[in-house]
Amino acid sequence: MTMEASAFPGWEPKILAFCCQYCAYSAADMAGSMRLEYPTEVEIVLIPCTGRFDVILALRAFEKGADGVFAAGCLEGNCHFLDGNIRARKRVNFLKAELKSVGYEPERIEMFNLSASQGPRFAEIARDFTQNIVGLGPSPAKKL
Amino acid sequence: MIIAERKPIDEIKTFVKGKEKILLVACRGCVTVCNAGGTKEAGILASLLRLDAAKEGVPLKVDELTLERQCDPEYIFELSPSMGEKYDAILSMACSIGPQFIASAYPNEKVYPVLNTCFLGGALAHGVWAERCQACGNCIIHKFGGLCPISRCSKSLLNGPCGGSAGGKCEVSKEIDCVWQLIVEKVTSDGTMDEFLSLELVKDWRTSRDGGPRKIAREELLK
Ligand code: SF4
Ligand code: SF4
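This write-up is about the structure you can find in this document.

**Re the overall build of chain B**
Working step 1: The helix and strand tally for chain B stands at nine helices and nine strands.
Working step 2: Relative to a compact globule of 223 residues, whose C-alpha radius of gyration would be 17 Å, chain B shows 22 Å and is clearly more extended.
Working step 3: Summarising its shape, the C-alpha atoms of chain B cover approximately 65 × 45 × 25 Å along the three principal directions.
Working step 4: Expressed as a percentage of its 223 residues, the buried residues of chain B come to 40%.
Working step 5: A sequence separation of at least 24 residues applies to 58% of the contacts in chain B between residues at least 6 apart.
Working step 6: For chain B, the computed accessible surface area is about 12600 Å², with 54% contributed by carbon and sulfur atoms.
Working step 7: For chain B, the separation between the mean place of its 28 positive charges and that of its 29 negative charges on side chains is 3 Å.

Here it is, written out as structure tokens:
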């Protein structure tokens with residue numbers, strides 16, 4: 001999918017999506033089988049539950065050149081491990097503060113909730129998040 | 001255990017400013033348990049410092065190492081092989097005993113404390129810690145229903161409560177339980193109020209900090 005023209009010619013955002021196997025990953029799969037378009041810049045990492053999503057995974061992603069990272073888990077109340085998605089959201093909020101403290105926009109990290117049947121919603125999340133990252137521009141780690 | 005928390009990143013950045021190669025030393029003791037300065041927290045801080053340096057466009061190499069403890073010379077000396085690396089600074093993520101021990105073992109190194117050592121306490125829940133002891137050197141909690149009036153009463157009263165106790169809360173803050181309320185409730189339910197009512201005499205504070213810095217030496221353990 002072609003992205004809206006960015007203010008940084010030649011730059012394509014790198015986005016990592018940590019997706020829970022029970023929901024977001026299946027939703028992404030469904031988006032694929034429905035032939036819904038979403039940005040190719042979004043690379044999906046399968047995790048067993050967003051409870052596995054760790055602060056350090058996201059930080060390493062940023063260190064290795066990611067411009068944005070999101071975790072996508074089941075709808076609140078529907079986690080297969082009871083509260084993995086609630087914990088993940090707390091970690092994402094923690095990360096937002098940590099990133100801000102070193103001058104990175106907190107919007108570069110987000111948490112989303114969706115169910116396995118929401119293929120179109122996954123595509124929408126991927127599009128919207130990518131658009132937000134395009135708006136922010138390259139990660140501050142790359143600006144210089 | 002010793003409860004600590006990481007200093008604000010802005011303060012840590014002042015330790016790192018102008019340095020190109022630093023060693024971040026985590027500790028597997030208390031600060032791992034209170035999620036302040038273990039391997040994981042060192043990883044997070046190292047990453048944040050590298051991201052900050054990348055943003056500023058300055059070179060910064062952060063090596064990470066975890067010691068079993070930093071309050072025992074035998075573990076401190078495990079740093080010796082790393083000293084050949086010529087670090088511009090060593091940041092200790094132990095309680096403040098760690099950086100002091102590192103600095104005294106390696107007097108030529110610049111050593112910084114990454115954590116603020118806060119208090120002696122325990123976990124009330126995952127992620128919540130509270131003060132329970134002030135190391136007065138002569139424990140008397142058995143006289144107070146098992147509760148420590150020194151560390152948990154804002155005024156360390158031994159004959160409380162004070163007039164500020166209201167609704168079970170301390171006058172200092174609504175966030176603080178008045179320990180004297182808890183003590184009275186406990187001795188009442190234990191049925192030990194009678195013996196409890198004898199006046200607590202002045203405590204000998206020489207075993208506490210008032211006697212100067214403390215030290216224990218045990219002959220039978222000395223080599
Ligand atoms: S009485 Fe003294 S040693 Fe006992 S818990 Fe309180 S401060 Fe600590
Ligand atoms: S209100 Fe209770 S805890 Fe607070 S100072 Fe008075 S006796 Fe101590």
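**Some points on the packing of helix α2 (residues 55-63) of chain A against helix α3 (residues 84-101) of chain A**
Residues and elements named next belong to chain A.
Working step 1: Contact geometry for α2 and α3: axes closest at 10 Å, N-to-C directions at 40°. It follows from the interaxial angle that α2 and α3 lie oblique. When the axes of α2 and α3 are compared, the crossing they make is right-handed. Contact residues: Val55, Ala58, Leu59 and Phe62 in α2; Arg91, Phe94, Leu95 and Leu99 in α3.
Working step 2: A class-by-class count of the residues in the contact of α2 with α3 yields seven nonpolar, no polar and one charged.

**Some details on the site of ligand 1**
Working step 1: The environment of ligand 1 is formed by B:Arg132, B:Cys133, B:Gln134, B:Ala135, B:Cys136, B:Cys139, B:Ile140, B:Ile141, B:Cys148 and B:Ile150.
Working step 2: Considered class by class, the residues forming the shell around ligand 1 number eight nonpolar, one polar and one charged.

Conventions and cut-offs
- Residues numbered from 1 in each chain as written.
- Chains lettered and ligands numbered in written order.
- Predicted model: local features only at pLDDT ≥ 70, side-chain atom pairs only at ≥ 80, totals over all residues.
- Heavy atoms only, no water.
- Helix = DSSP H or I, 4+ residues; strand = E, 2+ residues; numbered from the N terminus.
- Rg over C-alpha atoms; globule rule 2.2 N^0.38 Å.
- Buried < 20%, exposed > 50% of the residue type's maximum accessible area, 1.4 Å probe, protein only.
- Contact = heavy atoms within 4.5 Å.
- Areas by Shrake-Rupley, 256 points an atom, 1.4 Å probe, with all protein chains shown as cover.
- Lys, Arg positive; Asp, Glu negative; His and termini not counted.
- Charge placed at Lys NZ, Arg CZ, Asp CG, Glu CD.
- Axes fitted to C-alpha atoms, helices over the stretch in contact; angles between N-to-C directions.
- Parallel < 35°, antiparallel > 145°, perpendicular 65-115°, else oblique.
- Left-handed = near helix turned anticlockwise from the far one by under 90°.
- Nonpolar A, V, L, I, M, F, W, Y, C, P; charged D, E, K, R; others polar.
- Near = heavy atom within 4 Å.

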